[in-house]
Amino acid sequence: MNIRWIKTNRWIKTIFNNLVWDIPNSENKIYLTFDDGPIPDVTEWVLDVLKSENIKATFFCIGDNIKKHPEVYKRILKEGHQTGNHTFNHLNGWKTKTSHYADNFKLCETEHLKLPIAIGTEHSFLFRPPYGKIKPSQSKAIRQLGYKIIMWDVLSYDFDSTISVEKCLENVISNTEQGSIIVFHDSLKAEKNLKYALPKAIQILKNKGFVFDVIK
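Residues numbered from 1 in each chain as written. Predicted model: local features only at pLDDT ≥ 70, side-chain atom pairs only at ≥ 80, totals over all residues. Heavy atoms only, no water.

A. Region of the structure containing the side chain of Glu53. Within the fold, Glu53 resides in helix H2 (residues 42-53). According to the relative accessible area criterion, Glu53 is buried, its value standing at 16%. Sequence-distant contacts of Glu53, defined by excluding residues within four places in its chain, comprise Ile202, Gln203 and Lys206. (Helix = DSSP H or I, 4+ residues; strand = E, 2+ residues; numbered from the N terminus. Buried < 20%, exposed > 50% of the residue type's maximum accessible area, 1.4 Å probe, protein only. Contact = heavy atoms within 4.5 Å.)

Here it is, written out as structure tokens:
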């Protein structure tokens, strides 16, 4: 049986409470996040949507993509969005030795450090493990460097080609509540679902009174 973990269970948040799953607040804030970019076209489309809606988001970027597409990454920063480390090669922590994982994290950190300094923005200390899979030893090593490990409250499943665009939208709007961290993907794999669901989700969530903010 294929079980889709769309909304993170409360007991998971309690057990792994050294990870950030949501951000409680009294201002009806929610947090849009995007994984796996930056890439031309898809990330740029996301940025166009966010700009038109006058909202900010947090992008968890793969170091290799930053290296390949620095202008797209630079645009993310210039337009006031937050960024975070997503490893250099999108590693699965459960299948990777901690020493190699740490090295790959640092490679990504190097790419993240170049452009923020160049355009006068502060370096981010946010990290999201690809697939949400990270060993305790990896988590400890990264947190000891001063990073917050950002997970999620709501997963859109935009990357799954077997679900309909309508289901992707429903995943988000039915599960988002005050403080939710929501995951979309600025990737080619997610493009079809993303382009349908993201603009509609933003409008519906705005109409519900939610306020979008970046993760700090």
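Picking up after the structure, the text goes on.
B. Structural context of unusual backbone geometry. Residue Pro38 is bonded to the preceding Gly37 through a cis peptide linkage, with omega at 0°. Its place among the elements puts Pro38 in the loop between strand E1 (29-35) and H2. Of note in the backbone geometry, Asp36 takes a positive phi value of approximately 90° without being a glycine. Mapped onto the elements, Asp36 comes out in the loop between E1 and H2. Phi angles above zero are rare outside glycine, and Tyr131 is one such case at about 65°. Summarising the element assignment, Tyr131 is placed in the loop between strand E4 (126-127) and helix H6 (136-143).

By themselves, these figures tell us nothing about what the structure is for.
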